[in-house]
Amino acid sequence: MYEKILVPVDGSATSLAGLQEAIALARVMGSTIRLLHVVDEISFMTSFESSMALTAEVFESLKKAGQEVLQDAQNRVRAAGVPVETELYESYAGRVSDLVITKAREWGAQLIVLGTHGRRGVGRMLLGSDAEQVLRQSPVPVLLVRGA
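Residues numbered from 1 in each chain as written. Predicted model: local features only at pLDDT ≥ 70, side-chain atom pairs only at ≥ 80, totals over all residues. Heavy atoms only, no water.

Points about the confidence of the model for the chain
1) Next: Averaged over all residues, the pLDDT of the chain is 85; the fraction at 70 or higher stands at 82%.
2) Next: Summarising per-element confidence for the chain, the mean pLDDT is lowest in helix α5 (residues 121-127) (39) and highest in strand β1 (residues 4-8) (97).
3) Next: The model gives residues 46-51 a pLDDT under 50, and that stretch makes 3 contacts with residues more than four places away or in other chains.
4) Next: For residues 120-128, every residue scores under 50 in pLDDT, and the model assigns this stretch 6 contacts once sequence neighbours within four places are set aside. (pLDDT = per-residue confidence, 0-100. Helix = DSSP H or I, 4+ residues; strand = E, 2+ residues; numbered from the N terminus. Contact = heavy atoms within 4.5 Å.)

Next comes the structure, spelled out in structure tokens:
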């Protein structure tokens, strides 16, 4: 049914919940999983470390951390016997949700699986919801998996 499943990962418990669900689906359907990690300047600049300048050294550190997230997720998928690809995408502008949609189109994903915090009300309004934006804009089905 779904030969290509795109799974954005960020190393969080919520992301891991989405990954585990994608692995279960991929095993049943014989799918390939593509793991996507976005290293983005916008998230860094709006985080608690925003008083720090985004130097080349800091950005390299973010890329290294992203590679570690991808490696860990790739190991989990391989251990389950599921074919897996990875992509680390560096973004200097744009919302992560837009980049996920772009990458899904480029790769020809047939399903996107991602974890969500399930925020409601003011929390969602203030923080925004990348998961909701992916859901609204995706050209393919999206499975949202609520994290712990």
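Quick word on the sheet that holds strand β5 (residues 142-146)
1) Next: Overall, parallel pairing links the 5 strands, which are arranged β3-β2-β1-β4-β5 in an open sheet. The open sheet has two edge strands with one neighbour each: β3 (84-91) and β5. Taken pair by pair, the neighbouring strands of this sheet meet at an average axis angle of 25°, ignoring direction.
2) Next: Across 2 bridges, the pairing between β1 and strand β4 (residues 111-116) is parallel. For Leu-6, the partnering residue across the bridge sits in β4 and is Ile-112. (Pairing = 2+ DSSP bridges. Axes fitted to C-alpha atoms, helices over the stretch in contact; angles between N-to-C directions.)

A closer look at the nonpolar core
1) Next: Of all hydrophobic cores here, the largest spans 19 residues; its most connected members are Ile-5, Val-7, Ile-33, Leu-35 and Val-77.
2) Next: When residues of this core are traced back to their parent elements, those giving at least two are β1, α1 (13-29), β2 (32-40), α3 (56-79) and β4.
3) Next: For Val-7, the contacting residues outside a window of four places in its chain are Leu-19, Ala-22, Ile-33, Arg-34, Leu-35, Leu-36 and Val-113. (Core = buried A, V, L, I, M, F, W, Y, C linked by side-chain atoms within 4.5 Å. Buried < 20%, exposed > 50% of the residue type's maximum accessible area, 1.4 Å probe, protein only.)

Here we look at helix α6 (residues 130-137)
1) Next: Within α6 the residues assigned to the buried category are Ala-131, Glu-132 and Val-134. Buried residues of α6 fall within an arc of 160° about the axis and therefore sit on the same side. (Arc of directions from axis to C-beta.)

Quick notes on the pattern of salt bridges
1) Next: By the definition in use, this model includes 9 salt bridges.
2) Next: A salt bridge links Asp-72 to Arg-76; the nearest nitrogen and oxygen atoms lie 3.1 Å apart. Of the two residues, Asp-72 and Arg-76 are both situated in helix α3; the distance of 4 residues between them amounts to about one turn of the helix.
3) Next: Arg-76 sits in the partly exposed class, given a relative accessible area of 34%.
4) Next: We note a salt bridge from Lys-103 to Glu-87, for which the minimum N-O separation is 2.8 Å. (Salt bridge = Lys/Arg side-chain N within 4 Å of Asp/Glu carboxyl O.)

Considering helix α4 (residues 96-107)
1) Next: In this model, α4 (12 residues) spans 16 Å end to end at C-alpha, consistent with the 16 Å of a helix rising 1.5 Å per residue.
2) Next: If you check which residues of α4 are buried, you get Ser-97, Leu-99, Val-100, Ile-101, Lys-103, Ala-104 and Trp-107.
3) Next: The inward-facing, buried residues of α4 abut β1, β2, β3, β4 and α6.
4) Next: Phi for Gly-108, located one or two positions after α4, is positive at around 80°. (Expected span 1.5 Å × (residues − 1).)

So, the environment of Leu-62
1) Next: Turning to its location among the elements, Leu-62 is positioned in helix α3.
2) Next: According to the relative accessible area criterion, Leu-62 is partly exposed, its value standing at 27%.
3) Next: Distance in space between the C-alpha atoms of Leu-62 and Val-39 is 6.6 Å, their sequence separation being 23 residues.

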